[in-house]
Amino acid sequence: MDDYLLLEHMRAGNQEAFDEFYQRYHQYIFQIAYKVLANRPEAEDITQEVFIEIYQRCDQYQASRGSIKAWVAVKTRSRAIDRLRKKPEVLADKLEDIITNASPAADQFVIEKMEKDILRAALLKLPLPQQQAIYHMYYDQFTQKEIALKTNRPLGSVKSSIRYGLQNLKKQKSLLRWIGSGGGDK
């Protein structure tokens, strides 16, 4: 039975259709949640929440907006990101991973949309020269020389902007961790 028919049967309350849908998508949903959260128990919770939501609201699926698999993926990623937003210390760890593990060549493949959103928000808090230099390096994948040419700035200034920008991003990570530990409530 195809996915669309499974959803139709689930709308009618068919438990067997739900069981089949669960078997088909359990691992897929868990993998997405785990990739975002990097925490097995949290990913398992999200997986369960997503299945409950799908079962209770399977009428929300709209074929005109994409495949059922894509709908499930978006729903899962959204729930996992919501969970992250409730835990500033987890966001801080994700930010640190992005800063230390990102390389210009791997950026497009390794850093997922959610991680890019976290980094963009952090970048907006930096002085403009630092924002531009880091953005061009990690998003446009420019070399430091190319950034200097594009921004009409000396190479040494570009290198300093990148270095100070990364240091400032790490400070933001420390602030997020401090807030997550309750330090911001005093």
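Residues numbered from 1 in each chain as written. Predicted model: local features only at pLDDT ≥ 70, side-chain atom pairs only at ≥ 80, totals over all residues. Heavy atoms only, no water.

A. Region of the structure containing a nonpolar patch on the surface. Together, Met1, Tyr4 and Leu5 make up an exposed nonpolar region whose accessible area comes to about 300 Å². Here Leu5 lies in helix α1 (residues 3–11). (Patch = residues over 30% accessible without salt bridge, like charges linked within 9 Å, V, L, I, M, F, W, Y side chains within 5 Å. Areas by Shrake-Rupley, 256 points an atom, 1.4 Å probe, with all protein chains shown as cover. Salt bridge = Lys/Arg side-chain N within 4 Å of Asp/Glu carboxyl O. Helix = DSSP H or I, 4+ residues; strand = E, 2+ residues; numbered from the N terminus.)

B. Highlighting the packing of helix α3 (residues 40–56) against helix α4 (residues 68–85). α4 packs onto α3 with a crossing angle of 130° between their chain directions and a minimal axis gap of 10 Å. It follows from the interaxial angle that α3 and α4 lie oblique. Helix-helix and strand crossings are classified by hand; for α3 and α4 the assignment is right-handed. Touching Glu42, Asp45, Ile46, Glu49, Val50, Glu53 and Ile54 of α3 are Trp71, Val72, Lys75, Thr76, Arg79, Ala80 and Arg83, all from α4. (Axes fitted to C-alpha atoms, helices over the stretch in contact; angles between N-to-C directions. Parallel < 35°, antiparallel > 145°, perpendicular 65-115°, else oblique. Left-handed = near helix turned anticlockwise from the far one by under 90°. Contact = heavy atoms within 4.5 Å.)

C. Representation of the nonpolar core within the structure. In terms of nonpolar packing, the biggest core is built from 25 residues, with Leu7, Met10, Phe21, Ile54, Ile68 and Val72 touching the most fellow members. Residue assignment for this core shows that the elements contributing at least two residues are α1, α2 (15–37), α3 and α4. Ranked by residue count, the leading element in this core is α2, at nine residues. Aside from chain neighbours lying at most four places away, what touches Met10 is Ala17, Phe18, Phe21, Ile54, Tyr55 and Cys58. With 14 residues, the next largest nonpolar core counts Leu123, Ala133, Ile134 and Tyr138 among its residues. (Core = buried A, V, L, I, M, F, W, Y, C linked by side-chain atoms within 4.5 Å. Buried < 20%, exposed > 50% of the residue type's maximum accessible area, 1.4 Å probe, protein only.)

D. Here's a closer look at the pattern of salt bridges. Inspection of the entire model under this criterion finds nine salt bridges. For the salt bridge of Arg83 with Glu42, the shortest nitrogen-to-oxygen distance reads 2.7 Å. In this pair, Arg83 is assigned in helix α4 and Glu42 in helix α3, connecting sequence segments 41 residues apart. The exposure classification of Arg83 matches that of Glu42, with both residues buried. Among the ionic pairs, Asp45 bridges to Arg83, the shortest N-O distance being 3.8 Å.

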